[in-house]
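# Observations on the model geometry
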Amino acid sequence: CMSAILPKELRKGQLVDAAIKVFAAKGYRSASIADIIEAAGVARGTFYLYFGSKLDVFHAVMDRYVELFKERVQSELGRSYNNPLRVRQTMRESVLDWLRFYSQNKDLAKIVFREATAIEPDYEQRCYGLLEECFQHWRETVVKFQKIGFVRTDVDPGFLNMVFSGVLIHVVLHYVIPNPNPDLEMIADQWISFVESGVKARGWHF
């Protein structure tokens, strides 16, 4: 029955929450099961009811991130860029939503961007499989705008995706994560200014 299952799921979630904090603060290799147990406020035996090792709980942390990331991707796929007159506002909203996602999940972002691939080799493939849906969505949008003369035709949509995703990672690592209250609105404005000066065709105004 649900009343018997719920406490177990809550306890497991509590251990995953504690592991996220510990891995973000100490790094995977320096962290210990004892650290996670202390942060969660549970007995050692309780930990082993749910996880067999530190690596097992790390996999659970990655699963948590992938599920949250999947929700963010699905939300982005529902965003329409069909109206060139609103493209500046739409792009800014998109940038802000991605920045808010990482700002609200700073500890997870720190783990993911700094050491996840080295510890869980298939993590990158899992996330890029999801992100590829976004890339395709954005590629189609860029091509559409190129056809109507809104975006420079010498800009490769695939390359643009790589540039933007790389910039996002560095912004998150060096500005969002270290700052208790990052100015996400300012970052979004800077981002849009960069796009306007770099990819917009002459004669068009956002």
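Residues numbered from 1 in each chain as written. Predicted model: local features only at pLDDT ≥ 70, side-chain atom pairs only at ≥ 80, totals over all residues. Heavy atoms only, no water.

Moving on: the pattern of salt bridges. The final tally for this structure, using the stated rule, is 13 salt bridges. In this structure, Lys 70 engages Glu 67 in a salt bridge whose closest nitrogen and oxygen atoms are separated by 3.4 Å. Pair noted here: Lys 70 and Glu 67 are both in helix H4 (residues 54-77), with a separation of 3 residues, about one helical turn. Overall, the relative accessible area of 33% leaves Lys 70 in the partly exposed class. Residues joined in a network through salt bridges with shared partners are Arg 72, Glu 76, Arg 79, Arg 92, Asp 97, Arg 100, Glu 185 and Asp 189. (Salt bridge = Lys/Arg side-chain N within 4 Å of Asp/Glu carboxyl O. Helix = DSSP H or I, 4+ residues; strand = E, 2+ residues; numbered from the N terminus. Buried < 20%, exposed > 50% of the residue type's maximum accessible area, 1.4 Å probe, protein only.)

Enumeration according to the criterion identifies 16 aromatic pairs in this entry. When the ring of Phe 135 is compared with that of Trp 138, the centres are 6.1 Å apart and the planes differ by 50 degrees; the resulting orientation is tilted. Taken together, the residues span about one helical turn, with Phe 135 and Trp 138 both in helix H7 (residues 123-147) at a distance of 3 residues. Within the aromatic cluster, the residues linked to one another by ring pairs are Tyr 65, Phe 69, Trp 98, Phe 101, Tyr 102, Phe 113, Phe 135 and Trp 138. Across the ring face of Tyr 28, the terminal group of Lys 54 is positioned such that the distance to the ring centre comes to 4.3 Å. (Phe/Tyr/Trp six-rings, centres within 6.5 Å; stacked < 30°, edge-to-face > 60°. Lys NZ or Arg CZ within 6 Å of the ring centre and 35° of its normal.)

A separate point is H7. Between its first and last C-alpha atoms H7 spans 36 Å; for 25 residues at 1.5 Å apiece the expected length is 36 Å, and the two agree. Along H7, the largest kink reaches about 30 degrees and is centred on Leu 130. A positive backbone phi angle near 80 degrees is found at Gly 149, which sits one or two residues after H7. (Expected span 1.5 Å × (residues − 1). Bend = angle between axes of the 7 residues up to and from the residue.)

Let us now look at the packing of H4 against H7. The contact between H4 and H7 brings their axes to 10 Å, and the two run at 5 degrees. The angle between H4 and H7 places the two elements in the roughly parallel class. Across the interface between the two elements, Met 62, Asp 63, Tyr 65, Val 66, Phe 69, Lys 70, Val 73, Gln 74, Glu 76 and Leu 77 of H4 pack against Tyr 123, Arg 126, Cys 127, Leu 130, Leu 131, Glu 133, Cys 134, His 137 and Trp 138 of H7. Across the contact of H4 with H7, the residue classes break down as 12 nonpolar, 2 polar and 5 charged. (Axes fitted to C-alpha atoms, helices over the stretch in contact; angles between N-to-C directions. Parallel < 35°, antiparallel > 145°, perpendicular 65-115°, else oblique. Contact = heavy atoms within 4.5 Å. Nonpolar A, V, L, I, M, F, W, Y, C, P; charged D, E, K, R; others polar.)

Moving on: the side chain of Arg 79. Following the sequence through the fold, Arg 79 ends up in the loop between H4 and helix H5 (87-104). Judged by relative accessible area, which is 12%, Arg 79 ranks as buried. Within the structure, Arg 79 has its side chain in polar contact with the side chain of Asp 97 (distance 2.7 Å). If sequence neighbours within four positions are ignored, Arg 79 has contacts with Arg 72, Thr 90, Glu 93, Ser 94, Asp 97 and His 137. (Polar contact = N/O pair within 3.5 Å; in protein donor to acceptor, adjacent residues only side chain to side chain.)

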